Amino acid sequence: QVQLVESGGGLVQAGGSLRLSCAASGRPFSSYAMGWFRQAPGKEREFVAAISWSGSSTYYADSVKGRFTISRDNAKNTVYLQMNSLKPEDTAVYYCAARASNGKLYYTVEQYDYWGQGTQVTVSS
């Protein structure tokens, strides 16, 4: 079992930045692939970014590529999402997710086993 707790959300103006954190507890964090997803009101949860257990591989949704950066610190059991050049359309609840991995990346909701409670990000125009 893995417990995930997100933090760092808030209200920011368009063009601004935020850094989300996801702290994990439970089973060895370093054996898990991690992902960030988001869900806007009335929309389905969508993939944002993923990172392999070692941090050597990352993957991004086209909508955030070049603006967001996913990273992890296995010594701190934490994964991060640095969000720059934020747009109003980035407004959503952001969730981190985890699943045991042998090095692969995962991009869909169904592929992840553990989820945090989410943190709200609101970008004003």
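Residues numbered from 1 in each chain as written. Predicted model: local features only at pLDDT ≥ 70, side-chain atom pairs only at ≥ 80, totals over all residues. Heavy atoms only, no water.

Here's the deal with the pairing of strand 4 (residues 32–39)
Working step 1: Most of strand 4 sits out of view: 7 of its 8 residues are buried.
Working step 2: Of the pairings in the sheet, the one linking strand 4 to strand 9 (residues 92–100) comprises 8 bridges and is antiparallel in character. Across the sheet, Met34 pairs through a bridge with Ala98, a residue of strand 9.
Working step 3: Here 5 bridges tie strand 4 to strand 5 (residues 46–51), and the two strands are oriented antiparallel to one another. The partner of Arg38 across the bridge, within strand 5, is Glu46.
Working step 4: Counted between consecutive antiparallel strands, the loop separating strand 4 from strand 5 contains 6 residues, among which Gly42 sits at a positive phi close to 80 degrees. (Buried < 20%, exposed > 50% of the residue type's maximum accessible area, 1.4 Å probe, protein only. Helix = DSSP H or I, 4+ residues; strand = E, 2+ residues; numbered from the N terminus. Pairing = 2+ DSSP bridges.)

Observations regarding unusual backbone geometry
Working step 1: If you check the backbone angles, Asn77 has positive phi at about 55 degrees while not being a glycine.
Working step 2: Residue class for Asn77 comes out partly exposed when judged on its relative accessible area of 29%.
Working step 3: Located in the positive-phi region is Ser85, a residue other than glycine, with phi close to 50 degrees.
Working step 4: Within the secondary structure, Ser85 is located in the loop between strand 8 (78–83) and strand 9.
Working step 5: What makes Ser85 partly exposed here is its relative accessible area of 42%.

Looking at the pairing of strand 7 (residues 68–73)
Working step 1: In strand 7, alternate side chains face the same way, and those of Phe68, Ile70 and Arg72 are buried while those of Thr69, Ser71 and Asp73 on the opposite face are not.
Working step 2: In the sheet, strand 7 pairs with strand 8 via 6 bridges, with the strands oriented antiparallel. Counted as the bridge partner of Phe68 is Met83 from strand 8.
Working step 3: Between strand 7 and strand 8, which pair antiparallel in sequence order, lie 4 residues; one of them, Asn77, sits at a positive phi of approximately 55 degrees.

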